[in-house]
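# Topology and contacts: notes
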Amino acid sequence: IRQVKADLREWTLSRVIWVADRGFTSAENRRFLRRGDDHYIMGEKLRSASKEAQAALARAGRYREVAGNLKVKEVRISDEERFLVCHNPETAERDAAVRERLVSHLGELIADSDRLPALKRAELKGVISTKPGLSRFLRTTAGGLLRIDAEAIAADEKLDGKYLLRSSDPMLSPEDIALGYKQLSE
């Protein structure tokens, strides 16, 4: 980000809005992008444990359709930044299919684990814990048995097709924020 912003310093741009994906959302990057009165739009996963993601999900509100099948709702979390929860039904279908494959694979991995000695079960759990996609659906009973976590699956289903957008620009409409971010992938 610093290199690209430095390269653009010589251009005569009157208004810059940086659009970045979830790998660039650190507070340091956001502060850097705001230098010179530039603004940003950044995508974030709602599955993250960030306080903003949790607060955005806790806010009620109605979605508005902005383009094709993309729906957005703006939620107030902060005075400095704007947050939009976006929902894409096509992505929701893909998320559900991916989860189904993960849970099926996890089921195969732990199918006969009740017969294993406790140490071998712990080793299997350790191997699964290195795979975040699988480990989020695994639970361990009080007796040390490995099970698929139905509550985690139900919670994950509520996030299908949803993501969070963060913007520093107070002038952009929710539609412009969502479409500006969508252009990043296009």
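Use the structure listed above.
The following paragraphs examine the structure supplied in this document. (Residues numbered from 1 in each chain as written. Predicted model: local features only at pLDDT ≥ 70, side-chain atom pairs only at ≥ 80, totals over all residues. Heavy atoms only, no water.)

## Considerations on the overall build of the chain
Each helix and strand in the chain was counted, giving eight helices and eight strands. Here the chain has a C-alpha radius of gyration of 20 Å; the compact-globule value for 186 residues is 16 Å, and the former is much larger. Along the first, second and third principal axes, the C-alpha set of the chain runs to 70 × 35 × 30 Å. A burial count over the chain gives 38% of its 186 residues as buried. Put simply, of all contacts in the chain between residues at least 6 apart along the chain, 55% involve residues at least 24 apart. Per element, the accessible surface of the chain, about 11400 Å² overall, is 51% carbon and sulfur. One finds the centroid of the 34 positive side-chain charges in the chain at a distance of 4 Å from the centroid of its 30 negative side-chain charges. (Helix = DSSP H or I, 4+ residues; strand = E, 2+ residues; numbered from the N terminus. Rg over C-alpha atoms; globule rule 2.2 N^0.38 Å. Buried < 20%, exposed > 50% of the residue type's maximum accessible area, 1.4 Å probe, protein only. Contact = heavy atoms within 4.5 Å. Areas by Shrake-Rupley, 256 points an atom, 1.4 Å probe, with all protein chains shown as cover. Lys, Arg positive; Asp, Glu negative; His and termini not counted. Charge placed at Lys NZ, Arg CZ, Asp CG, Glu CD.)

## Regarding the pattern of salt bridges
A complete count under the given rule lists 13 salt bridges for this structure. Measuring nitrogen to oxygen at the nearest pair gives 2.4 Å for the salt bridge that ties Arg166 to Glu44. Placement of the pair is Arg166 in strand S8 (residues 162–167) and Glu44 in strand S2 (residues 39–44), with a sequence separation of 122 residues. Taken as a pair, Arg166 and Glu44 share a single burial class, namely buried. A salt bridge links Asp95 to Arg94, with the nearest nitrogen and oxygen atoms 3.7 Å apart. If you follow the salt bridges from partner to partner, you end up with Arg30, Glu44, Glu52, Glu81 and Arg166 in one network. (Salt bridge = Lys/Arg side-chain N within 4 Å of Asp/Glu carboxyl O.)

## What about the environment of Ala53?
Along the chain, the position of Ala53 falls in helix H3 (residues 51–58). Taking the C-alpha atoms as reference points, Ala53 and Ile177, 124 residues apart in sequence, are found 17 Å from one another.

## Structural notes on the environment of Ser167
Along the chain, the position of Ser167 falls in strand S8. Residue class for Ser167 comes out buried when judged on its relative accessible area of 0%. For the pair Ser167 and Ile177, spaced 10 residues apart in the sequence, the C-alpha separation amounts to 7.3 Å. Among the polar contacts made by the side chain of Ser167, one reaches the main-chain carbonyl oxygen of Tyr40 at a distance of 3.1 Å. (Polar contact = N/O pair within 3.5 Å; in protein donor to acceptor, adjacent residues only side chain to side chain.)

## Focus on the pairing of S8
In terms of burial, S8 is a largely internal element, five of the six residues being buried. As paired elements, S2 and S8 share four bridges and run antiparallel to each other. Paired with Met42 across the bridge in S8 is Arg166. (Pairing = 2+ DSSP bridges.)

## Topic: the sheet that holds strand S3 (residues 64–67)
Spatial ordering of the open sheet is given by S1-S2-S8-S5-S4-S3, a layout of six strands whose pairing is mixed. Since the sheet does not close on itself, it has two edges, and those belong to strand S1 (17–20) and S3, each with one partner. Put simply, the sheet's adjacent strands are angled 30° from each other on average, direction ignored. Relative to strand S4 (residues 70–75), S3 runs antiparallel, the two being bridged by three bridges. When the sheet's bridge partners are listed, Ala67 is paired in S4 with Leu70. Contacting S4, strand S5 (82–87) and S8, H3 runs over the sheet at an angle of about 115° to S8. (Axes fitted to C-alpha atoms, helices over the stretch in contact; angles between N-to-C directions.)

## Considerations on the layout of surface pockets
Its boundaries defined by the atoms lining it, the largest pocket holds a volume of some 680 Å³. Around the largest pocket, the lining comprises 26 residues; the ones closest to its centre are Arg22, Thr91, Arg94, Asp95 and Tyr163. Sorting the residues of the lining of the largest pocket by element identifies S2, helix H4 (89–110), S8 and helix H8 (174–185) as the ones contributing at least two each. Estimates place the volume of the second largest pocket at around 330 Å³. Lining the second largest pocket are 16 residues; nearest its centre among them are Lys5, Val16, Arg35, Gly36 and Asp38. At three residues, the largest contribution of residues to the lining of the second largest pocket is made by helix H1 (residues 2–8). Residue composition of the lining of the second largest pocket, by class: seven nonpolar, three polar and six charged. (1 Å grid on protein atoms, 1.4 Å probe; cavity = no way out; pocket = protein on both sides within 12 Å on 5 of 7 lines; lining within 4 Å. Points joined across faces, edges and corners; volume = space filled by probe spheres on them. Nonpolar A, V, L, I, M, F, W, Y, C, P; charged D, E, K, R; others polar.)

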